[in-house]
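Each chain is listed here by its residues.
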Amino acid sequence: MMLVLVAAALAGPSRCVATWTGPVEGCALRAEVVASGAGPSEKAAERALQKQLTRVVDRSIAAALARMTLADESQFRACEDVVQAKAYINCFEEPALASPAFCFVDLPDPTCWTGEVLQVEDLAWRALEVGRHKMCAAVDARLVAQNYTDLATRRAICAASCESKTTVRCP
């Protein structure tokens, strides 16, 4: 028992990545769901991943409903549970995430973002989370400033894209 506690205490910063592809029975979401989370320990990274996975699924459902005017919300009710249960999840320790880092944040989606690279400086594991939030806020602010006639649809689609496709590199 003591050995497990010591081993858990020695575990360093970790990253978790999840992927899932639909549609499947119980979830009409036609998308590849990709999420990641990082933290100072594997447990923290798993918690961050679960929160991010929920955000990506929620945003993907909102985007699907915005695109398909005849879609019925009931087709998507089980998606969160299905994705949580069926997603392929890989967690691994990544010691470099413990260091302070100057990181670059981008979103390779020209329909939602200009291509500008944002910057974040923090502990690397935290920068991965902070960078994504910073990018998604910037994407939404840009869309609102553009004042599109289909703003609600664009916001839904770009929120899903941003949560899933934003990359944070900490060289």
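First, a word on scope: everything that follows refers to the structure included in this document. (Residues numbered from 1 in each chain as written. Predicted model: local features only at pLDDT ≥ 70, side-chain atom pairs only at ≥ 80, totals over all residues. Heavy atoms only, no water.)

## Let's talk about the side chain of Glu-163
Mapped onto the secondary structure, Glu-163 falls in helix α5 (residues 151-165). What Glu-163 contacts, discounting residues up to four positions off in sequence, is Gln-52, Arg-55, Val-56, Arg-59, Arg-132 and Cys-136. (Helix = DSSP H or I, 4+ residues; strand = E, 2+ residues; numbered from the N terminus. Contact = heavy atoms within 4.5 Å.)

## What about the pattern of salt bridges?
In the structure shown here, the tally under the stated rule is nine salt bridges. Note that Asp-122 is salt-bridged to Arg-126, the shortest N-O span being 3.0 Å. For Asp-122, a relative accessible area of 21% puts it in the partly exposed group. A relative accessible area of 33% means that Arg-126 is categorised as partly exposed. Close ionic contact of Arg-132 with Glu-163 constitutes a salt bridge, the shortest N to O distance being 3.9 Å. With Arg-132 in helix α4 (residues 124-146) and Glu-163 in helix α5, this pair connects stretches of sequence that are 31 residues apart. One network of salt bridges, with partners in common, ties together Arg-55, Glu-129, Arg-132 and Glu-163. (Salt bridge = Lys/Arg side-chain N within 4 Å of Asp/Glu carboxyl O. Buried < 20%, exposed > 50% of the residue type's maximum accessible area, 1.4 Å probe, protein only.)

## Considerations on the side chain of Ser-14
Looking at where Ser-14 falls in the secondary structure, it is placed in strand β1 (residues 14-21). A polar contact is formed between the side chain of Ser-14 and the backbone oxygen of Gly-12, at a distance of 3.2 Å. Setting aside residues no more than four positions away along its own chain, Ser-14 makes contact with Gly-37, Ala-38, Gly-39, Ser-41, Glu-42, Ala-45, Phe-92, Glu-93, Glu-94 and Leu-97. (Polar contact = N/O pair within 3.5 Å; in protein donor to acceptor, adjacent residues only side chain to side chain.)

## Quick word on α5
For α5, built from 15 residues, the straight-helix expectation of 21 Å at 1.5 Å per residue is met to within 8% by its first-to-last C-alpha distance of 20 Å. Among the residues making up α5, those that are buried are Leu-151, Ala-156, Cys-158, Ala-160, Ser-161, Cys-162, Glu-163 and Ser-164. (Expected span 1.5 Å × (residues − 1).)

## Brief notes about the sheet that holds strand β6 (residues 167-169)
Here we have three strands laid out as an open sheet, ordered β5-β4-β6, and antiparallel in their pairing. Of all strands in the sheet, those with a lone pairing partner are β5 (118-123) and β6, marking the two edges. Averaged over all neighbouring strand pairs, the angle between strand axes comes to 30°, with direction disregarded. Bridge analysis of strand β4 (residues 100-106) against β5 gives six bridges, and the strand direction is antiparallel. Across the sheet, residue Val-105 finds its bridge partner in β5, namely Leu-118. (Pairing = 2+ DSSP bridges. Axes fitted to C-alpha atoms, helices over the stretch in contact; angles between N-to-C directions.)

## Overview of the environment of Glu-129
You can see Glu-129 is positioned in helix α4. The exposure class assigned to Glu-129 is buried, which follows from its relative accessible area of 12%. Taking the C-alpha atoms as reference, Glu-129 lies 8.9 Å from Gly-39; in sequence the two are 90 residues apart. With sequence-adjacent residues up to four places away left out, Glu-129 is seen in contact with Ser-36, Gly-37, Ala-38, Ala-48 and Arg-55. Of the polar contacts made by the side chain of Glu-129, one reaches the backbone nitrogen of Ala-38; its length is 3.0 Å.

## Comments concerning unusual backbone geometry
In this structure, the amide linkage connecting Gly-22 to the following residue, Pro-23, adopts the cis form with an omega of 10°. Positionally, Pro-23 belongs in the loop between β1 and β2 (32-39). Positive phi, normally seen in glycine, also occurs at Asn-147, with a value near 55°. For Asn-147, a relative accessible area of 60% translates into the label exposed.

## Structural notes on the sheet that holds β2
Sheet architecture is open: three strands sit in the order β2-β1-β3, paired in antiparallel fashion. Since the sheet does not close on itself, it has two edges, and those belong to β2 and β3 (88-93), each with one partner. Shown here is a sheet whose adjacent strand axes are inclined to one another by a mean of 10°, direction ignored. Relative to β2, β1 runs antiparallel, the two being bridged by eight bridges. Counterpart to Cys-16 in the pairing with β2 is Gly-37.

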